[in-house]
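Spelled out, the chains give:
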Amino acid sequence: MRSDRYRPDAPPYLLYGFLGISLVLNIFMALDLGPSEDPGVGALTSGVEDAVVAAAAPEDGTAAAAIASNSVVETIQPEVVAMDAMPGAKSGWALVRGEVDHSLARTFQTEVGDQADAVAAVYSRLFMWDLDLRKDLRRGDAVVATWRASDDGEIEIPVAWFKSQKLGRTLKAYRYQAPGDAYASYWFPDGTEVPLRLVAGPLDDYDQITSLLKDRPTHKGMDFKADVGTDVVSPKAGTVTRVNWNWKANGNCVEVRYADGTLAKFLHLDKVSVTEGQHVTSGQLLAKSGNTGRSTAPHLHYQLDRGSKNIDPLDYHDTIRRKLPASAMDDFNKEVARLDAMLGEPVAAR
Ligand SMILES: [Zn+2]
């Protein structure tokens, strides 16, 4: 998945200290240690926590209970996959295909090997809009995906299916760049986008939302992975209350008090365009996104607070799911067919 070019500079001691799960997670997940007001964010483990899917890691005792996994993983040989149709492809894609018996982590761990948690985390992030793969697993659920690690350690997943007993259907996500979009996204076969979008959000162009409030109690914002220099606008009219406070943690940052009293924080910015006391209108440029403060990969941390209450942007904002334009569907359908061909015969998820 080319969207997952998340390359925080993982601290060297991790590289040398761990060759296991935490290393893999840290390599490609945002090591967003967050603003100082986030309790517990200073912990070294927070890089792991910031994996959108701590989901993939067993977090409760029950998850540790071993249940035999029927996971089957097969490696697709390059000659089987249409490698020449995969731009930049150098190494083979692996196919993960199996039933989920008790945890997604176990399903991947059984066969994927060292990269299991990383692959499971990226996979789970695709479906977090419809399912919490920590809680919503049922016996008989099934996983199908192709993946590979790029030369620099990024996990790429161009196509993934999840057969959900809870939903009673199979979710199928295909990576595709819509006309006019700055980044590729994931789309269902009918051309509906997989991830939700905030209506009047702080960024128009971003690669991916990599962290939701519900994923990690100690992380109080929504993280948008975006190249440094992306426009960050004020979702609502308000007044700039603070700029660049607690720089060590927050980096360049802006706080805006919306008219309804909600305090919005925009952290890890590059260039800030507003000053304290300034009135801003909805949609007005606040800053360019960056990678400053305790952030190890370019992203925007967007946080909403009212009084002592932390608010989920997904609750505060209206959300939408985009549709590909009709004019793009022919091209998209070809891509779907090409990606489906990489899955071979994934009987388990049909
Ligand atoms: Zn964050």
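Just so we're clear, the structure is a prediction, and the values are computed from it rather than from any experiment. (Residues numbered from 1 in each chain as written. Predicted model: local features only at pLDDT ≥ 70, side-chain atom pairs only at ≥ 80, totals over all residues.)

### Comments concerning the overall build of the protein
Then, in step 1: A count of helical and extended segments in the protein gives nine helices and 18 strands.
Then, in step 2: Every one of the 350 residues in the protein was classed for burial, and the buried ones make up 47%.
Then, in step 3: Pairs at least 24 residues apart make up 64% of the contacts formed inside the protein by residues separated by at least 6 positions. (Helix = DSSP H or I, 4+ residues; strand = E, 2+ residues; numbered from the N terminus. Buried ≥ 20, exposed ≤ 12 C-beta atoms within 10 Å, placed from the backbone. Contact = placed C-beta atoms within 7 Å.)

### Some remarks on helix H9 (residues 329-342)
Then, in step 1: In this model, H9 (14 residues) spans 20 Å end to end at C-alpha, consistent with the 20 Å of a helix rising 1.5 Å per residue.
Then, in step 2: Looking at the packing, one finds that the buried side of H9 touches strand E3 (141-149), strand E4 (155-164), strand E5 (169-176) and strand E6 (185-187).
Then, in step 3: Note on H9: the residue one or two positions beyond its end, Gly 344, has a positive phi of about 65°. (Expected span 1.5 Å × (residues − 1).)

### Describing unusual backbone geometry
Then, in step 1: Positive phi is not limited to glycine here, since Ala 200 has a value of about 55°.
Then, in step 2: Checked against the element boundaries, Ala 200 lands in the loop between strand E7 (197-198) and strand E8 (208-211).
Then, in step 3: C-beta crowding within 10 Å serves as the criterion here: with 14 such atoms nearby, Ala 200 is assigned to the partly exposed category.
Then, in step 4: Positioned with a positive phi, Asn 244 is a non-glycine residue whose angle comes to about 55°.
Then, in step 5: With respect to the secondary-structure elements, Asn 244 resides in the loop between strand E11 (238-243) and helix H7 (247-250).

### Description of the nonpolar core
Then, in step 1: Judged by nonpolar contacts, the single largest core of 65 residues is most densely connected at Val 96, Val 119, Ala 145, Ala 160 and Phe 266.
Then, in step 2: Of the residues forming this core, the biggest block, nine residues, is contributed by helix H6 (residues 116-127).
Then, in step 3: Two domains each provide a minimum of three residues to this core, namely domain 1 (1-51 + 197-320) and domain 2 (58-196 + 327-349). (Core = buried A, V, L, I, M, F, W, Y, C linked by C-beta atoms within 7 Å. Domains from an automatic or database assignment.)

### Observations regarding H6
Then, in step 1: A rise of 1.5 Å per residue sets the reference length of H6, with its twelve residues, at 16 Å; its end C-alpha atoms lie 17 Å apart and thus fit the reference within 8%.
Then, in step 2: Burial analysis of H6 places twelve of its twelve residues in the buried class, which makes it a mostly covered element.

### Re the environment of Lys 163
Then, in step 1: With respect to the helices and strands, Lys 163 occurs in strand E4.
Then, in step 2: For Lys 163, a count of 22 C-beta atoms within 10 Å corresponds to the buried category.
Then, in step 3: Between the C-alpha atom of Lys 163 and that of Gly 140, which follows or precedes it by 23 residues, the distance is 8.1 Å.

### Focus: the environment of Arg 257
Then, in step 1: Positionally, Arg 257 belongs in strand E12 (residues 252-258).
Then, in step 2: Between the C-alpha atoms of Arg 257 and Arg 242, which are 15 residues apart in sequence, the distance is 9.3 Å.

### A few points about the pairing of strand E15 (residues 285-289)
Then, in step 1: Examined bridge by bridge, strand E10 (residues 231-233) and E15 share three bridges and lie antiparallel to one another. Residue Val 232 lies in a different strand from E15, and its bridge partner there is Ala 287.
Then, in step 2: For strand E13 (residues 263-272) and E15, the ladder comprises two bridges, and the chain directions are antiparallel. Residue pairing for E15: Val 272 is matched across the bridge by Ala 287. (Pairing = 2+ DSSP bridges.)

### So, the confidence of the model for the protein
Then, in step 1: Scored by pLDDT, the protein comes out at a mean of 77, with 72% of its residues at no less than 70.
Then, in step 2: This model gives residues 1-91 a pLDDT under 50, and the stretch forms 206 contacts once residues within four places in sequence are excluded. (pLDDT = per-residue confidence, 0-100.)

### A word on the environment of Asp 181
Then, in step 1: With respect to the helices and strands, Asp 181 occurs in the loop between E5 and E6.
Then, in step 2: Judged by the 14 C-beta atoms lying within 10 Å of it, Asp 181 is partly exposed.
Then, in step 3: Expressed as a C-alpha distance, the spacing of Asp 181 and Asp 207, which sit 26 residues apart in the sequence, is 9.7 Å.

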